[in-house]
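In case you want the letters, here they are:
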Amino acid sequence: MENQEISDSAEPATVQAEASTENGSENGSVEKASRLVLGIETSCDETGAAVVSTDGRVLGEALASSAAIHAQWGGVVPALAKGEHEKAIDGVVDLALSNAGVSASDLSAIAVTIGPGLSLCLRLGAMKARELARQHRTPLISVHHMEAHALVARLTNDGVNFPFLTLLVSGGHNLLLLAHSVGHYTQLGTTLDDALGEAYDKTARLLGLDLSKGGGPALEALAREGDPQRFKFSVPMRASKTGSKTCDFSYAGLKTNVRLAIESEIPGAEQRPLADVDATERQLRADIAASFQRVAVAHLEERTRRAIGWALEQEPNIKCLVMAGGVAANKYVRESLTRAVQEGPLELTRREVKLGMKRKEYTPIRLVCPPPRLCTDNGVMVAWAGVERLRLGLEEPPPPLEETDHSNVQLRPRWPMGEIHSKSTTGVGSIRATRAFPSLTAFTKSMSTSAQPAASVL
Ligand code: KG4
Ligand code: ZN
C-alpha cells in the first residue's frame, strides 16, 4: 500500500434522519435497537468503507484513493485501479470497523456498490463484501453508485423527503432524475456524450494542471483567478433543433472548442506544468479555465431549470433539488445552482399557457448538497444507501457457507436508474441501445414483490 494513503474520518457527519420513527422509540432505546451497516465502495479509483447506524450516525469510515497514480496516465486505468483496490481493500475495511469500534460480527448488513462502474474494480469490493457476509452470516445489500450519491443527502440534511429532483454530476454521469422513493426513479435527462466531471478533467489536463488531487478541483482553483468572459464559448445544445427543448446534456462540443482555443493560444500547454509558466501565460490559462467553467455550468443551470418545470408538473409536492456527485463539491457550481432553484422553470407549463399566463407560477425549491467530502466517492454514501434499503427489507441472504470462490459475482457496470421521462426524446434510441441491465427501478420492484429475494445478483 506504499502508493496510497488511507485516511479515516476527520469529522464524522452527524445526523438525525428518522431515528425515532425507525425504531418506534422516543426515550433512548433507539440506541439499543439501531442496527449497523458496513458500506464498501470500489467502483472507480476510490476504495471506501464506512459503518453507519440505522439511526443515522456515521460511526467510522476510511478512504484510500489512487487518483494520484492515474494522474500520470491522463485518466483512470482500470487494471491499475484494480491493483490498488486489491492492496487497499482489507486495510480500508478494517480501519472503518476499528474506527467505529465494532467487529464484522456486529453488523446487520453489508452494502456494496455493484454498479455502475469499472467491472474490474467493482468485483474487488463485491468479493470482499461477499466473503465477509459468508463468514459472519450477514445479509448483503446491492447498491447503485449513483443512487448512493443522491441518498446521502438524506443522511446529511434535514427534510429531504420523497419525491425530490436530483442532479447527479460525476466523472462518468450527468443525470437529472425524479426520485419517487428508494430505488424508484424517472430519468429526465442524461448526457449524450461526456459527463461534466470528465470535461473538467480533460480541460485541466490540457491546461497543464496538477491532477494528483483530481482535475476538477485544480480547474476550479485556477478559474478563480480568471476572466470568465474572455473566451466566448457557446453554451451547448442551444442551437440544436431537437436538443434545445430537452433536459439532456452534451459536453463533447465544448471540450473540443476549449481544446482548439488552447492549441491556438498556448500550444503545448499540456507539456508545461502551470508552476513553470510566467504571469501572462498563467492569466491566459486562468481565463480559459474560467470561461470553460462559466459556459459548462450555464448549460447545467439551463437544463436543471427545465427539469424543475418537468418535475413540478409531474410531482407538484417537490420541495428540494439534491445535487451530488464529485462536481457538486465545486463552489461555483453550487452558487450557480442556488440561482437556478431561485429562478425556477425555464418555460411556462401547458396549463399556464392555456390560462393565458405570462409569468410562471413558482415557489422556489431548496437546493440541498451533501458536504463536499461526501459528494466525491466515499464509503459513507454506500453504507447509508444500505441503511435505506435495509429499512425497506431489500437485503439479500448471505452466500452459502460452501461458496469460497466469489469471482463469478454478477455486477452491473452499466445500470440505468429508471424509465425515461415521456418528454425526453433526444438520444433515446442510443441510450436504450446501450442498456445492458434492467434499471434499478425494475430491480427494486422485483425485490419488493418476490418472496425469494434476488439473491443471485450479488
Ligand atoms: O463522484 P465522483 O467522485 O466519481 C465518480 O463517480 O465519477 O466524481 C469524480 C469527478 C471527477 O471528474 C472530478 O474531477 C470531479 O468529480 N470533481 C470536481 C470537483 N471535485 C471533483 N469537478 C469540479 N470541481 C470540483 N471541485
Ligand atoms: Zn461517484
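The rules behind these values
- Residues numbered from 1 in each chain as written.
- Chains lettered and ligands numbered in written order.
- Predicted model: local features only at pLDDT ≥ 70, side-chain atom pairs only at ≥ 80, totals over all residues.
- Heavy atoms only, no water.
- Helix = DSSP H or I, 4+ residues; strand = E, 2+ residues; numbered from the N terminus.
- Buried < 20%, exposed > 50% of the residue type's maximum accessible area, 1.4 Å probe, protein only.
- Donors = N, O, S within 2.8 Å, 3.2 Å for Na, K, Ca; no water.
- Near = heavy atom within 4 Å.
- Polar contact = N/O pair within 3.5 Å; in protein donor to acceptor, adjacent residues only side chain to side chain.
- Domains from an automatic or database assignment.
- 1 Å grid on protein atoms, 1.4 Å probe; cavity = no way out; pocket = protein on both sides within 12 Å on 5 of 7 lines; lining within 4 Å.
- Points joined across faces, edges and corners; volume = space filled by probe spheres on them.
- Nonpolar A, V, L, I, M, F, W, Y, C, P; charged D, E, K, R; others polar.
- Pairing = 2+ DSSP bridges.
- pLDDT = per-residue confidence, 0-100.
- Contact = heavy atoms within 4.5 Å.
- Axes fitted to C-alpha atoms, helices over the stretch in contact; angles between N-to-C directions.
- Phe/Tyr/Trp six-rings, centres within 6.5 Å; stacked < 30°, edge-to-face > 60°.

1. Comments concerning unusual backbone geometry
Here Gly115 and Pro116 are connected by a cis peptide whose omega angle stands at -15 degrees. With respect to the secondary-structure elements, Pro116 resides in the loop between strand S5 (109-115) and helix H5 (119-136). The backbone phi angle of Arg137 is positive, close to 55 degrees, even though this residue is not glycine. Mapped onto the elements, Arg137 comes out in the loop between H5 and strand S6 (140-144). In this structure Arg137 comes out as partly exposed when scored by relative accessible area, which is 40%. Phi angles above zero are rare outside glycine, and Met237 is one such case at about 65 degrees. Relative to the helices and strands, Met237 is located in the loop between helix H8 (215-223) and helix H9 (252-265). Residue Met237 is classed as buried on the basis of its relative accessible area of 13%.

2. What about the coordination of the zinc ion (ligand 2)?
At the metal site, the zinc ion (ligand 2) is ligated by His145 (NE2), His149 (NE2) and Asp377 (OD), and these contacts range over 2.0 to 2.1 Å. If you list the donors of the zinc ion (ligand 2) from N- to C-terminus, the spacing comes out as H-x3-H-x227-D. Highlighted residues: His149 in helix H6 (residues 145-156) and Asp377 in the loop between helix H13 (372-375) and helix H14 (379-391), separated in sequence by 228 residues. The two residues His149 and Asp377 agree in class, both being buried.

3. As for the site of ligand 1
Taken together, 18 residues lie near ligand 1, and Gly171, Asp201, Glu220, Asn330 and Asp377 sit nearest. The separation between an oxygen atom of ligand 1 and a polar side-chain atom of Asp201 is 2.6 Å. Between an oxygen atom of ligand 1 and a main-chain N or O atom of Gly326, the distance comes to 3.0 Å. Only H6, helix H7 (196-206) and H8 provide two or more residues apiece to the shell around ligand 1. Looking at which domains feed residues into the shell around ligand 1, each of domain 1 (36-157 + 373-428) and domain 2 (164-369) supplies at least three.

4. A word on the layout of surface pockets
Empty space within the second largest pocket amounts to approximately 330 Å³. Leu312, Glu313, Pro316, Glu361 and Tyr362 are, among the 16 residues lining the second largest pocket, the residues nearest its centre. Counting residues per element, the lining of the second largest pocket draws most heavily on helix H10 (residues 279-314), at 3 residues. For the lining of the second largest pocket, the per-class residue count stands at 7 nonpolar, 3 polar and 6 charged.

5. What to know about the pairing of strand S10 (residues 320-324)
The buried fraction of S10 is high, at 5 of 5 residues. Neither face of S10 is exposed, since Cys320, Val322 and Ala324 on one face and Leu321 and Met323 on the opposite face are all buried. Both strand S7 (residues 164-169) and S10 contribute to a ladder of 4 bridges, which runs parallel. Counterpart to Leu167 in the pairing with S10 is Met323.

6. Points about the confidence of the model for the protein
Taken as a whole, the protein shows an average pLDDT of 90; of its residues, 89% reach a score of 70 or greater. Across residues 10-32 the pLDDT falls below 50, and counting only partners more than four positions away or on other chains, this stretch makes 39 contacts in the model. Across residues 451-456, confidence stays below pLDDT 50; counting only partners more than four residues off in sequence or on other chains, it has 8 contacts.

7. Details of the sheet that holds strand S9 (residues 184-189)
In spatial order, the strands read S11-S10-S7-S8-S9-S12; together these 6 strands make up an open sheet with mixed pairing. At either end of the open sheet lies a strand with only one pairing partner, and these are strand S11 (366-368) and strand S12 (419-420). Bridge count for S10 against S11 is 3 bridges, and the pairing is parallel. Within S11, the residue paired with Cys320 across the bridge is Arg366. Contacts between H6 and the sheet are confined to S7, strand S8 (174-181), S9, S10 and S11, with S7 contributing the most and set at about 125 degrees to the helix.

8. Things to note about the packing of aromatic side chains
Applying the stated criterion across every chain, the model contains 4 aromatic pairs. Between Phe162 and Phe164, the ring centres sit 5.1 Å apart and the planes meet at 25 degrees, which makes this aromatic pair stacked. Relative accessible area serves as the criterion here: at 0%, Phe164 is assigned to the buried category. Ring centres 6.0 Å apart and planes at 15 degrees place the aromatic pair Phe231 and Phe233 in the stacked group. Here Phe233 falls in the buried class, since its relative accessible area comes to 11%.

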